[in-house]
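# A structural walkthrough
In case you want the letters, here they are:
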Amino acid sequence: MKRQGKRIAMAVVAFGMALGFGVIGGPQTESKAAEVAINAETFTDPGVLSSVNMIDYNKDGILTDDEAAKMTYLYFGTVTSDIPVVLKYFPNIKEITIKTGSLKSVTVNNKSVKTITVISDTNGVVSLVGAEPSQIKYYAQKATGALNFKGVKGYTKVTDISVFGKKVTRIAVPNQTKLKKLVVKFTSITKMDTSKCTKLE
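Cut-off values and rules
Residues numbered from 1 in each chain as written. Predicted model: local features only at pLDDT ≥ 70, side-chain atom pairs only at ≥ 80, totals over all residues. Heavy atoms only, no water. Buried < 20%, exposed > 50% of the residue type's maximum accessible area, 1.4 Å probe, protein only. Helix = DSSP H or I, 4+ residues; strand = E, 2+ residues; numbered from the N terminus. Arc of directions from axis to C-beta. Contact = heavy atoms within 4.5 Å. Polar contact = N/O pair within 3.5 Å; in protein donor to acceptor, adjacent residues only side chain to side chain. Core = buried A, V, L, I, M, F, W, Y, C linked by side-chain atoms within 4.5 Å. Pairing = 2+ DSSP bridges. Axes fitted to C-alpha atoms, helices over the stretch in contact; angles between N-to-C directions. Phe/Tyr/Trp six-rings, centres within 6.5 Å; stacked < 30°, edge-to-face > 60°.

## Concerning helix α2 (residues 46-54)
Those residues of α2 not exposed but buried are Val-48, Leu-49, Ser-51 and Val-52. Angularly, the buried residues of α2 cover 165° about the axis, an arc narrow enough to put them on a single face. Along α2, exposed side chains directed more than 90 degrees from the buried face belong to Pro-46 and Met-54. Looking at the packing, one finds that the buried side of α2 touches β2 (62-63), β3 (73-76) and α4 (83-88). Capping the start of α2, Asp-45 holds a side-chain oxygen 2.7 Å from the backbone nitrogen of Gly-47, two or three residues further along.

If you want it as C-alpha cells, here you go:
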C-alpha cells in the first residue's frame, strides 16, 4: 500500500510539473504579437520590407514590440500588400504612402493614420476604406478632367488636402465646411468652387 501511495504521489507531482512547463497545456510563455520574422513572406511589399529592416537594429531578423513601436511612417509601393495586416504590427504609425496603381479602392482599416499620400494612375478619386485621415496628399498621375472628393470613403474628416495632377481641370473638394488648408499644384485647373470653405486659411 505504501509503495502504491508513493507512486500516486509521484504521478501527481509529475502532472503538476507538466502543466507548469506547458507539456500538457498549462501556463506558458507566449511570444509577443509583434515578434514576427522580417522576410518577404511576412512583408510582401519591397518598400515595407526595406523600412522594417532599417529598424531591426540588432539584425536578428525578428520584429519585436520595441522595434515596431519606433515605426511612424510606411511606404506601400505595391497594391498587393495586405495593408490592414501590416499596420497591425505598428501601433504608432501616423503616416503612410500608398501607390494605388489602377485601383479605385484600397482597404486601410486603420483610423490612427492621420496623413495619407495617394499616388494614383486612375481617373477619379481612390476611396480609402476604413481610414479617417486629417491630411491627404493626392498625386493624380494619369487622371484627366475632374476630381470629385465629395462623399468618397476616407475623405470625410480631411481638413488639409493637397492635389497634384497635370491634367486635372476641376476639383470638388471634400469636407467643405471643415477644410482648413487647400494646396493645388501642377494642375490645369480652370474651375474650383470653394465658396463653402469658410475655414480655409
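This is not the end of the story, as more comes after the structure.
## Overview of the nonpolar core
If you look at the biggest cluster of nonpolar residues, it comprises 45 residues, and the most contacted ones within it are Phe-43, Leu-63, Leu-74, Phe-90, Ile-96, Tyr-138 and Tyr-155. Those residues in contact with Phe-90 that sit more than four places away from it in its chain are Phe-43, Val-52, Ile-55, Leu-63, Ala-68, Met-71 and Leu-74.

## Brief notes about the sheet that holds strand β8 (residues 135-140)
The sheet built from 6 strands is open, its strands ordered β3-β4-β6-β8-β10-β12 with parallel pairing. Both outer strands of the open sheet, β3 and β12 (181-185), are each paired with one neighbouring strand and no more. Averaged over all adjacent pairs, the angle separating strand axes in this sheet is 10°, with direction ignored. The pairing of strand β6 (residues 115-120) with β8 spans 6 bridges and is classified as parallel. Paired with Val-118 across the strands is Tyr-138, a residue of β8.

## Side note on the packing of aromatic side chains
Within a pair of aromatic rings, the relevant descriptors are the distance that separates the centres and the angle that separates the planes. Counted under the stated rule, the structure contains 6 aromatic pairs. Plain terms: the ring middles of Tyr-138 and Phe-149 are 5.3 Å apart, the flat faces sit at 90° to each other, and that makes the pair edge-to-face. Residue Tyr-138 is located in strand β8, and its partner Phe-149 is located in the loop between β9 (145-148) and β10 (160-164); the two are separated by 11 residues in the primary sequence. Look at Phe-149 and you get buried, because its relative accessible area is 0%. Ring geometry for Tyr-139 and Phe-164: centres 4.4 Å apart, planes at 10°, overall stacked. Taken together, the residues Tyr-139 in strand β8 and Phe-164 in strand β10 connect sequence positions 25 residues apart. Since its relative accessible area comes to 33%, Tyr-139 is described here as partly exposed. Ring pairs connect the aromatic residues Phe-43, Tyr-89 and Phe-90, which therefore count as one cluster.

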